[in-house]
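# Observations on the three-dimensional arrangement
Single-letter residue listing:
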Amino acid sequence: MSNFLDEYRPLIEQSLSDACDFENSAGGAMKCPDKLREAIRYALLAPGKRLRPSLVLMSAQACGGTIANAMPGAIAVEMIHAYSLIHDDLPAMDDDDLRRGRPTTHIQFGEATAILAGDALQAEAFAHLYRCVGDRIQAAHMIGELAQAAGASGLVGGQEDDLAAETVSIEDFASPRAAREHVESIHRRKTGALFVASVRLGAISAGVGNEIIDALGRYAEAFGLAFQITDDVLDYTATDEQLGKRTQKDVGRGKLTFPELMAAEANARDEQGNLDVSVGIEKARQHAAAMIQQAHDALGVLSSLEISGASAGQLHTMADYILERTT
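My aim in this report is to walk through the structure given alongside it, one point at a time. (Residues numbered from 1 in each chain as written. Predicted model: local features only at pLDDT ≥ 70, side-chain atom pairs only at ≥ 80, totals over all residues. Heavy atoms only, no water.)

### Topic: the overall build of the protein
- Scanning the protein for helices and strands turns up 16 helices and two strands.
- Scored against the burial criterion, the 327 residues of the protein give a buried share of 52%.
- For the protein, the exposed area adds up to about 13,900 Å²; of that, 49% sits on carbon and sulfur atoms. (Helix = DSSP H or I, 4+ residues; strand = E, 2+ residues; numbered from the N terminus. Buried < 20%, exposed > 50% of the residue type's maximum accessible area, 1.4 Å probe, protein only. Areas by Shrake-Rupley, 256 points an atom, 1.4 Å probe, with all protein chains shown as cover.)

### Details of the environment of Ala-298
- Tracing the backbone shows Ala-298 in helix H15 (residues 277–304).
- If sequence neighbours within four positions are ignored, Ala-298 has contacts with Ala-215, Arg-218 and Tyr-219. (Contact = heavy atoms within 4.5 Å.)

### Focus: the nonpolar core
- Membership of the largest hydrophobic core comes to 94 residues, with the highest contact counts inside it found for Leu-146, Leu-216, Tyr-219, Leu-315 and Met-318.
- With twelve residues, the top contributor of residues to this core is helix H11 (residues 210–237).
- Leave out the neighbours within four places in its chain, and Met-318 touches Phe-4, Leu-5, Leu-51, Ser-54, Leu-55, Met-58, Tyr-219 and Phe-223. (Core = buried A, V, L, I, M, F, W, Y, C linked by side-chain atoms within 4.5 Å.)

### Description of unusual backbone geometry
- Residues other than glycine seldom take positive phi values, yet Arg-50 does so here, at roughly 60 degrees.
- Tracing the backbone shows Arg-50 in the loop between helix H2 (34–44) and helix H3 (51–62).
- The exposure class assigned to Arg-50 is buried, which follows from its relative accessible area of 2%.
- Look at Arg-100: it is not a glycine, yet its phi comes out positive at around 55 degrees.
- With respect to the helices and strands, Arg-100 occurs in the loop between strand S1 (98–99) and strand S2 (102–103).

### Quick look at H2
- Extensive coverage of H2 is indicated by the burial of eight of its eleven residues.
- Of all the positions in H2, only Leu-36, Arg-37, Ala-39, Ile-40, Arg-41, Tyr-42, Ala-43 and Leu-44 are classed as buried.
- Along its buried surface, H2 packs onto helix H1 (9–19), helix H4 (67–88), S2, helix H5 (105–109) and helix H6 (111–132).

### Comments concerning the packing of H3 against H11
- Where H3 contacts H11, the two axes come as close as 13 Å, and the packing angle between them is 155 degrees. Here H3 lies roughly antiparallel to H11, going by the angle between them. Of the two elements, H3 crosses H11, and the hand of that crossing is right-handed. Contact with H3, carried on its side by Leu-51, Arg-52, Leu-55 and Ser-59, involves Leu-216, Tyr-219, Phe-223 and Phe-227 of H11 and no other residues of that element.
- Classifying every residue of the contact of H3 with H11 gives six nonpolar, one polar and one charged. (Axes fitted to C-alpha atoms, helices over the stretch in contact; angles between N-to-C directions. Parallel < 35°, antiparallel > 145°, perpendicular 65-115°, else oblique. Left-handed = near helix turned anticlockwise from the far one by under 90°. Nonpolar A, V, L, I, M, F, W, Y, C, P; charged D, E, K, R; others polar.)

### Observations regarding the packing of aromatic side chains
- Inspection of every chain in the model, using the stated rule, returns four aromatic pairs.
- Ring geometry for Phe-195 versus Phe-223: centroids 5.0 Å apart, planes at 70 degrees, classification edge-to-face. A residue pair is termed long-range when its members are at least 10 positions apart, and Phe-195 in helix H10 (residues 192–205) and Phe-223 in helix H11 qualify at 28 residues.
- Judged by relative accessible area, which is 0%, Phe-195 ranks as buried.
- For Phe-223, a relative accessible area of 0% gives the class buried.
- Feature note: the residues Phe-195, Tyr-219, Phe-223 and Phe-227 constitute an aromatic cluster, connected by ring pairs.
- Taking NZ or CZ as reference, Arg-102 lies 3.8 Å from the ring centre of Tyr-42, over its face.
- A cation over a ring is seen here: Arg-325 above Phe-227, with NZ or CZ 4.2 Å from the ring centre. (Phe/Tyr/Trp six-rings, centres within 6.5 Å; stacked < 30°, edge-to-face > 60°. Lys NZ or Arg CZ within 6 Å of the ring centre and 35° of its normal.)

Put into structure tokens, the structure is as follows:
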């Protein structure tokens, strides 16, 4: 991971730990059970890149805001992300046993407790915003923004369509391009919605207007798609140890991946007539680079409105990192 995130990570890690320390919660019937607390902390505090909370803080600073005002949004986003990973790994979903280099939450604590830990994190995300954002109107705006990103037309809807995609092939679509556009629509929700929410929450915390919030949203839409494309490429080119999770599981489950889709779109085949994924990998990298250029272009609005703060350059760097990452 590049050093440019180092200034944010210690603050984020401490704030995450504080947010899921239920020792001071009310006693009696309102006390968080010890096993549930342990499972929540296991999932939320697992070693991670912290891209989403970092984006909240970066976008806030780019809009002239402060880390202190943006931190509740950063923590809430990471709580939703952690909950989604717990549920995504469950046997009924993607059935993974490795996440961030450790056993997944349901392997470590049992399936029932893992489900409850995910449920709790989802609720705690909104409770955290309610408790920690002092301006009630701003708190409502942020709660609504995150709820929309995490809901039926966002993250959860994308996950549902992703599961359904295991039963379709490229030949089921009018063209390889149509297949790719369908997969992109899935990932704009399953992966991209939280990236968009991250930058919008940061901007909202800084009190800027809708034009700037929307421009940052366009940045994150392109960023999120590039992130998923790169993730698919790494699924072919990296090891389990490098990624901290099982590789090539999507291929094994019959899901369409960007290298496969890009190979089909280019009609690139090997000597046996099979799709040439090596060509698809290069085409996918080019597509990701085009998305990152779109992200850079969206940031131009910040400069034109002359509100760019100390971290506008960090958002550029974050986008470039997506193309360079190897984990």
